[in-house]
Amino acid sequence: MSGLEQQYVQAAFASNWVAPLGPNVDAFEAEFGAAVGALYALALSSGTAALHLALLHLGIGPGDEVAVSTLTFAASVNPILYVGARPVFIDSETASWNMDPELLAGFLAERARQKRLPQAVILVHLYGQSADIAPILATCQQYGVPLIEDAAEALGATYQGQSPGTFGTAGIFSFNGNKIITTSGGGMLVSADKALIDHARKLATQAREPAAHYEHTEIGYNYRLSNVLAGIGRGQLQVLGERVAACRRNFAAYQAALGECPGLTFMPEAPWGCHTRWLTTLTIDPAQFGADRETVRLALEAENIESRPLWKPMHLQPVFAGYESVGGAVAAKLFADGLCLPSGSDLTEADRERVTAVVRSVQTAAGR
Ligand SMILES: *Cc1c(COP(=O)(O)O)cnc(C)c1O
């Protein structure tokens, strides 16, 4: 928390308007839409809820398929299953670790020939960096497949000067506790399509029809954000730039300390925009580094420093066994070698030095 959140939370208490909805929610939607350059924004209880509503609005259901990045968090994929559809996992490229545009193009071309195109593509922007949106959007437009952007991890990033999440039919963001800004829990659905946001807003409010009594013609959900949490979001949004700067400082310090270590490669920053470095991530080539990722992780853990492997790709997850995968070796290799270093925006120089000292000591112990 920055301290700025308190005034908005206080206003909610002072007006006794804590839930549901209220002035903070309306203002948070407007301020967030302006910040990312989205025409319409809908504040929700989570990013996962935002994805679910986007799929529901598009009418995706049993028998349908949705192509989705394989290297991601399960929350990108679970909503596909909520609506009864099947995921098809698309591998990463190496410039940004995000969905490979050429693989997607090949897959959609093949499916177009077979007259069984997927009903949507969910494109994930990982670890604070945008995917290569332009070719992916062009491919989706060529085949008339809606593009949903999962920008949960990429708030504050840019692609050709514009926020990821604002290129496709809909975009989603998350304010979960681990994200670059947080409302403790929350999410946002954005779109340039007013009808999409209006429908999602209705679905998120138990699908109540506009009538004095309670009238329902479709199944709804309880997915709105409370007025208290939206107050936290308003304060957090004001420090987004500072948070991005702090995360990029973490990265720069780690890179300065470890950039010369043989076999250690930081996640690249692709030429198309700003990487927030929400998390500082790297890969370790055991042959060159002298030790593998897990050895480094355990050495950090022995010093009471938590680091984590990258996302385990969805095509390797037991729960998604049996679904189609297009490629997968790039994401699998990133998972085998990849590590997320401690990346909190409140890390001190001393914290980072503790981390880099352990990583270097592993390499020294390996005789490199
Ligand atoms: C966090 C996250 C989500 C889900 O957001 P919640 O607000 O936690 O539901 C979705 N996709 C990705 C890639 C995420 O990292």
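Residues numbered from 1 in each chain as written. Predicted model: local features only at pLDDT ≥ 70, side-chain atom pairs only at ≥ 80, totals over all residues. Heavy atoms only, no water.

K.L.:
Explain the overall build of the protein here, please?
P.N.:
When helices and strands are tallied, the protein shows 13 helices and twelve strands. Against the globule reference of 21 Å for 368 residues, the protein gives a C-alpha radius of gyration of 21 Å, in line with a compact fold. Structurally, the protein occupies a C-alpha span of about 75 × 60 × 35 Å along its principal axes. For the protein, the residues scored as buried account for 53% of the 368 residues in total. (Helix = DSSP H or I, 4+ residues; strand = E, 2+ residues; numbered from the N terminus. Rg over C-alpha atoms; globule rule 2.2 N^0.38 Å. Buried < 20%, exposed > 50% of the residue type's maximum accessible area, 1.4 Å probe, protein only.)

K.L.:
What is the right way to read the domain arrangement of the protein from this model?
P.N.:
One widely used convention gives an interface's size as the accessible area the parts lose upon coming together. Its domain assignment divides the protein into domain 1 (5–237) and domain 2 (241–365). On a C-alpha basis, the centres of domain 1 and domain 2 stand 26 Å from each other. The interface is formed by 43 residues belonging to domain 1 together with 36 residues belonging to domain 2. Of all residues in domain 1, Phe89, Trp97 and Tyr127 give up the largest surface area on contact with domain 2, accounting jointly for 25% of the area buried on that side. At the junction of domain 1 and domain 2, the tally comes to one salt bridge. Residue glutamate 324 is joined to arginine 111 by a salt bridge in which the shortest nitrogen-to-oxygen separation is 2.8 Å. Here domain 1 and domain 2 share 19 residue pairs in polar contact (both at pLDDT 80 or more) between them. Mapped by element, the contributors of at least two residues to the side of domain 1 that touches domain 2 are α4 (78–82), β3 (86–90) and α5 (101–113). Considering every element that reaches the side of domain 1 that touches domain 2, the biggest residue donor is β3, with five residues. (Domains from an automatic or database assignment. Contact = heavy atoms within 4.5 Å. Buried area = accessible area lost by both parts, 1.4 Å probe. Salt bridge = Lys/Arg side-chain N within 4 Å of Asp/Glu carboxyl O. Polar contact = N/O pair within 3.5 Å; in protein donor to acceptor, adjacent residues only side chain to side chain.)

K.L.:
What should I look at first to understand helix α13 (residues 349–365) in this one?
P.N.:
Think of an α-helix as turning once every 3.6 residues; residues three or four places apart then point the same way. Under the 1.5 Å per step criterion, the end-to-end length of α13 is 24 Å for 17 residues, consistent within 8% with the ideal 24 Å. Listed as buried for α13 are Arg352, Val355, Thr356, Val358, Val359, Val362 and Gln363. Axial view of α13: buried residues confined to an arc of 150 degrees, hence all on one face. What points out from α13, more than 90 degrees from its buried face, is the exposed set Glu349, Ala350, Thr364 and Ala365. Its buried side turned inward, α13 meets α9 (240–258), β8 (264–266), α10 (286–289) and α11 (293–302). (Expected span 1.5 Å × (residues − 1). Arc of directions from axis to C-beta.)

K.L.:
Looking at this structure, I do not really get the pairing of β3. What am I missing?
P.N.:
Regular strands place their side chains on alternate faces of the sheet. Extensive coverage of β3 is indicated by the burial of four of its five residues. Pairing between β3 and strand β11 (residues 325–326): two bridges, direction parallel. Opposite phenylalanine 89, over in β11, you have serine 325 as the bridge partner. (Pairing = 2+ DSSP bridges.)

K.L.:
How should I be thinking about the pattern of salt bridges in this particular structure?
P.N.:
If the charged atoms of two oppositely charged side chains come close together, the side chains can form a pair. Here the structure, examined in full by the defined rule, presents 16 salt bridges. Of the charged contacts in the structure, one is a salt bridge between aspartate 198 and lysine 194, with a shortest N-O distance of 2.9 Å. Here lysine 194 and aspartate 198 lie together in helix α7 (residues 194–203), a separation of four residues that amounts to about one turn. Taking relative accessible area as the criterion, aspartate 198 reaches 36% and is therefore assigned partly exposed. For the salt bridge of glutamate 306 with arginine 308, the shortest nitrogen-to-oxygen distance reads 3.1 Å.

K.L.:
Just checking my understanding: could you explain the site of the ligand for this structure?
P.N.:
Inspection of the region around the ligand gives 15 residues, with Thr48, Asp150, Glu153, Ser174 and Lys179 positioned closest. Contacts to the ligand include aspartate 150, whose side-chain N or O atom sits 2.7 Å from a nitrogen atom. In this structure, an oxygen atom belonging to the ligand sits 3.3 Å away from a side-chain N or O atom of lysine 179. Here the ligand, which alone exposes 380 Å², has 94% of that area covered by the protein. Residues of the shell around the ligand, tallied by class, amount to four nonpolar, eight polar and three charged. (Near = heavy atom within 4 Å. Areas by Shrake-Rupley, 256 points an atom, 1.4 Å probe, with all protein chains shown as cover. Nonpolar A, V, L, I, M, F, W, Y, C, P; charged D, E, K, R; others polar.)

K.L.:
I keep staring at the sheet that holds strand β1 (residues 40–44) and nothing clicks. Help me out?
P.N.:
In space, the eight strands of this open sheet follow the order β1-β7-β6-β5-β4-β2-β3-β11, with mixed pairing throughout. Because the sheet does not close on itself, it has two edges, and the strands there are β1 and β11. The pairing of strand β5 (residues 147–150) with strand β6 (residues 170–174) spans three bridges and is classified as parallel. Among the inter-strand pairings, aspartate 150 is bridged to a residue of β6, identified as isoleucine 172.

K.L.:
In this structure, what is going on with the environment of glutamine 6? I would like to understand it.
P.N.:
Looking at where glutamine 6 falls in the secondary structure, it is placed in helix α1 (residues 5–14). Each C-alpha atom of the pair glutamine 6 and asparagine 178 lies 20 Å from the other, and the pair is 172 residues apart in sequence.

K.L.:
Please clarify how the packing of α11 against α13 should be interpreted in this entry.
P.N.:
For the pair α11 and α13, the least separation of the axes is 9 Å and the interaxial angle reads 130 degrees. Between α11 and α13, the crossing angle belongs to the class labelled oblique. Two packed elements cross with a definite hand, and for α11 against α13 that hand is right-handed. Counting all contacts with α11, which are made through Thr295, Val296, Ala299 and Leu300, the residues of α13 involved are Val355, Val358, Val359 and Val362. Tallied by class, the residues present in the contact of α11 with α13 amount to seven nonpolar, one polar and no charged. (Axes fitted to C-alpha atoms, helices over the stretch in contact; angles between N-to-C directions. Parallel < 35°, antiparallel > 145°, perpendicular 65-115°, else oblique. Left-handed = near helix turned anticlockwise from the far one by under 90°.)

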